[in-house]
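What the coordinates show
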Amino acid sequence: MWFRNLLVYRLTQNVPFDVETLETALAAKPARPCASQELSTYGFVAPFGKGEDAPLVHASQGFLLISTRKEERILPGSVVKDAVKEKVDEIENEQMRKVYKKERDQIKDEIIQSFLPRAFIRKSGTFAAIAPEQGLILVNSASPKRAEDLLSTLREAIGSLPVRPLTVKIAPTATMTEWVKTQKAADDFFVLDECELRDTHEDGGVVRCKRQDLTSDEIQQHLEVGKQVTQLSLGWQDKLSFVLDDKLVIKRLRFEELLQEQAEQDGGEDDLSQQDASFVLMMLTFKDFLPSLFEALGGEDTPQAI
């Protein structure tokens, strides 16, 4: 139970996340299989455990964990396109007339409906952690679209969810560029060996470096001619490593072995206890890590109305 990516959202109002009330609300929007004519379904599943009795909300030490599952039928566009063309050609040849857009769209809809029951089904899940005392929702994804799917479904379930992406006062690009240029990050942070450099011009070049010494003359030369750091791999204390981009998306989170070993010791032999121990230790780490990161990036940007 370790998040691999992180999108951070700020609750703009106090939301009383009562566990029993939230459990009931999520149960009204459960994940379910796609019906034969459905393209996709989306709903909540138990983050830990299996079966009907597994709770949809896992609560531990003031933190909450929820999970969603999406099922979607996969219809390759090329297959549909070929089938539509074949049907249109058949009509035009047999009836000696032109098939126009409205009829073509109707044919496409009919073909999709006929293909749906035979389409492959793809399943995907997304975890989110709620930290009420910190006023944060943390989504285990690097995709804003996937995060918004979860948040909008949660909003529908509980009726209201005043939340916005967390932002900082200084552009992350400016801070990361300065860290690489001066070869020194903020306290408790250190620059690793990966970055992305972009020219500020619209049609400018992009340089991606992996397993590179970012203090080298080559990197400094790119910075001197105006390129900016838009993605940077960083470490925090001796606990985390991650890649940060200019949109404040945290990717490829890696918790060091020391934390994982501690979770194993805290969790004991039971699988659910192990998962709970990992979740709690992860959230306690985030409780210290995220404020430090946002402070290092110039401080959280809070609108006056909040």
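The present account deals with the structure reproduced in this document. None of these values were measured; they are calculated from a predicted model.

1. So, the environment of D271
- When you line up the elements, D271 lands in helix α8 (residues 271–296).
- D271 gets classed as exposed once you look at its relative accessible area, which sits at 59%.
- A sequence separation of 222 residues divides D271 from G49, and the C-alpha atoms of the two residues are 9.1 Å apart.

2. Observations regarding the sheet that holds strand β11 (residues 240–245)
- Taken in spatial order, the five strands of this open sheet run β9-β8-β10-β11-β12, and their pairing is antiparallel. The open sheet has two free edges, formed respectively by β9 (206–210) and β12 (250–255), since each of these has just one partner strand. The average angle at which neighbouring strand axes cross in this sheet is 20°, direction not considered.
- Across five bridges, strand β8 (residues 189–198) lies against β9 in antiparallel orientation.

3. Focus: the layout of surface pockets
- Of the pockets and cavities examined, the largest pocket occupies roughly 170 Å³.
- In terms of lining, the largest pocket is formed by L7, V8, Y9, P144, P165, L166, K247, L248 and F294.
- It is strand β1 (residues 7–11) that contributes the most residues to the lining of the largest pocket, three residues altogether.
- Of the residues that constitute the lining of the largest pocket, the class distribution is eight nonpolar, no polar and one charged.

4. Brief notes about the side chain of N140
- Inspection of the secondary structure puts N140 in the loop between β6 (136–139) and α4 (144–158).
- Within the structure, the side chain of N140 is placed 3.0 Å from the backbone nitrogen of R4, a separation counted as a polar contact.
- In contact with N140, other than residues within four places in its own chain, are F3, R4, N5, T126 and F127.

5. Regarding the packing of aromatic side chains
- Counted under the stated rule, the structure contains seven aromatic pairs.
- The interplanar angle of 40° and the centroid separation of 4.7 Å between the aromatic rings of W2 and F255 together place this pair among those described as tilted. A residue pair is termed long-range when its members are at least 10 positions apart, and W2 in the segment before β1 and F255 in strand β12 qualify at 253 residues. Note on accessibility: W2 and F255 belong to one class, buried.
- Centre to centre, the rings of F3 and F286 are 6.4 Å apart; their planes meet at 55°, and the pair counts as tilted. With a gap of 283 residues between them, F3 in the segment before β1 and F286 in helix α8 connect regions that are remote in the sequence.
- The buried category is assigned to F3, whose relative accessible area is 0%.
- We classify F286 as buried; its relative accessible area is 2%.
- One aromatic cluster is present, built from ring pairs that chain together W179, F189, W236, F242 and F289.

How each quantity is defined
- Residues numbered from 1 in each chain as written.
- Predicted model: local features only at pLDDT ≥ 70, side-chain atom pairs only at ≥ 80, totals over all residues.
- Heavy atoms only, no water.
- Helix = DSSP H or I, 4+ residues; strand = E, 2+ residues; numbered from the N terminus.
- Buried < 20%, exposed > 50% of the residue type's maximum accessible area, 1.4 Å probe, protein only.
- Pairing = 2+ DSSP bridges.
- Axes fitted to C-alpha atoms, helices over the stretch in contact; angles between N-to-C directions.
- 1 Å grid on protein atoms, 1.4 Å probe; cavity = no way out; pocket = protein on both sides within 12 Å on 5 of 7 lines; lining within 4 Å.
- Points joined across faces, edges and corners; volume = space filled by probe spheres on them.
- Nonpolar A, V, L, I, M, F, W, Y, C, P; charged D, E, K, R; others polar.
- Polar contact = N/O pair within 3.5 Å; in protein donor to acceptor, adjacent residues only side chain to side chain.
- Contact = heavy atoms within 4.5 Å.
- Phe/Tyr/Trp six-rings, centres within 6.5 Å; stacked < 30°, edge-to-face > 60°.

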